[in-house]
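# Breakdown of the fold
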Amino acid sequence: MSAASTPLRPPARRTGLWIAGMLLCSALFILLYEYFVRTTSGQILDNVMRITADYFEHPLPPLNPENRWIAVYIVAPAAVLFAGITLARQKFLSALIAIGTVLAANISTQVLKYGWLDRPDLANNPEYWTANSLPSGHATIAASVAVAVFLVASPRQRPFIGLLAAFWGGGWGAYIFIEAWHRPSDMIAAYLVVAVWGLVGGWLIMRVDPKGNTVIYEEEPSVAPAAVLCWFFGIILSAAAGLCFLFAGGWSGIFAAMDDPTLWHWLAGALLSFGPAFLLAGAGINFFGAEAGRRMRGAPVPSPRGERVRYPVPPEYRELYERV
């Protein structure tokens, strides 16, 4: 049995895959920005959905942009769960790394939005729409605190926490859209920023705490139910957004909606602000589940630095461990 095929392994051993994930999310962010911000068709598509958020009412309580307590409402439930998991597991170094990912994601969003990216006026935008708004700061807050809880959770807890994180981050993204604070692309960009830093934080946590991120071989927690739900919701919501554009008349309907907003475009904007959070959560649940360490019951955790495992190891598993 080769080292690549053995089920016994340390967590986060394939650093190249983590880097590839970060680069993929970064590339998706660039593509999103280049189309929705730096092309006329992208701006028009985004603006049509943004107009409907101003035009149509919704049954949820209104959000006052001047109310600074909104950030507290976004953070508080996740912070309570984060503190509870941290105290229960006594994983304080992991908690510090997770807090660092939250800070890094939110600082990155502010630097990108106000210091690096611009928004050329290619679609005769109203004056109050010309400033760059990508990525969304509030969507970054919601997604990042949810991911922080995901990072400090145990491998057994992570699938369910990942599903909750998608609802929390994506739910706030959709709420912010229907309140007409942001365009859908702003929310998707925020999720991608958080995904990049979540991968950075996840790799560090798995490397500094291999024991807390290793499961017993043949008793691994199932990631399938939560991951399948995330993929299902993500694909269905994103596909439904595309159908909304189709029902609204395609491109001709988009241009007509600039003067006569339709509920189809409002629904498309809400779905696009919500669905991608589930797609990223599904990918994260699968990836973190695959990168968790594996060991046999009663055996020590394989070292993330690749050293051979010292005995005592159960005799029937010694050959496997010698090949890790």
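- Naming follows an unreviewed UniProt entry, where the protein appears as Phosphatase PAP2 family protein of Nesterenkonia massiliensis.

## Remarks on the UniProt feature "transmembrane region" (unreviewed entry) in the protein
- Summarizing the sequence annotation, UniProt attributes the feature "transmembrane region" (unreviewed entry) to residues 16-36, 95-116, 136-153, 160-182, 188-206, 226-251 and 263-288 in the numbering used throughout.
- For the annotated span residues 263-288, helix accounts for 100% and strand for 0% of the residues, and the straight-line distance between the end C-alpha atoms is 38 Å.

## Observations concerning the environment of V111
- Looking at the element boundaries, V111 is found in helix α4 (residues 92-116).
- Overall, the relative accessible area of 46% leaves V111 in the partly exposed class.
- Taking the C-alpha atoms as reference points, V111 and P135, separated by 24 residues in sequence, lie 9.8 Å from one another.

## A look at unusual backbone geometry
- In this structure, the amide linkage connecting L134 to the following residue, P135, adopts the cis form with an omega of 0 degrees.
- Relative to the assigned elements, P135 resides in the loop between α4 and α5 (137-152).
- Backbone geometry places A12, a non-glycine residue, at a positive phi of 50 degrees.
- By the element assignment, A12 lies in the segment before α1 (15-36).
- Exposure remark for A12: the relative accessible area of 0% places this residue in the buried category.

## A short note on the packing of helix α7 (residues 184-208) against helix α10 (residues 263-291)
- Axis separation between α7 and α10 bottoms out at 9 Å; the angle between their running directions is 15 degrees. Here α7 is positioned roughly parallel relative to α10, judged by the angle of their axes. Pair α7 / α10 crosses with right-handed handedness. Taking contact as the criterion, the partners of P184, M187, I188, Y191, L192, A195, G198, L199, G202 and M206 in α7 are, on α10, G269, L272, S273, P276, A277, L280, F287, F288 and E291.
- Broken down by class, the residue content of the contact of α7 with α10 amounts to 14 nonpolar, four polar and one charged.

Rules of the game
- Starting from 1, residues in each chain are numbered consecutively following that chain's sequence as written.
- Selection of residues for local features in this predicted model requires a pLDDT of at least 70, selection of side-chain atom pairs for listing and counting requires 80 or more, and totals for whole chains, interfaces and linings are taken over all residues.
- Computation of side-chain values covers all heavy atoms of the structure but excludes hydrogens and water.
- UniProt positions are given in the numbering used here, feature names are shortened, and annotations may be inferred rather than shown by experiment.
- Counting from the N terminus, the helices are the DSSP runs of H or I reaching at least four residues and the strands are the DSSP runs of E reaching at least two.
- Between buried and exposed lies partly exposed: a residue is buried under 20% and exposed over 50% of the maximum accessible area for its type, with that area taken using a 1.4 Å probe on protein chains only.
- Note on definitions: angles span 0 to 180 degrees between N-to-C directions of axes, and those axes are lines fitted to C-alpha atoms, for helices only across the stretch in contact.
- Any angle that falls under 35 degrees is termed roughly parallel, while one over 145 is termed roughly antiparallel, one within 65 to 115 roughly perpendicular, and all others oblique.
- In this scheme, a crossing is called left-handed if the near helix is turned counterclockwise away from the far one by less than a right angle; it is called right-handed if the turn is clockwise.
- Only heavy atoms enter the contact rule, under which two residues are in contact if any of them lie within 4.5 Å.
- Note that Gly is not counted as nonpolar here; it falls among the polar residues with everything else outside the nonpolar set of Ala, Val, Leu, Ile, Met, Phe, Trp, Tyr, Cys and Pro and the charged set of Asp, Glu, Lys and Arg.

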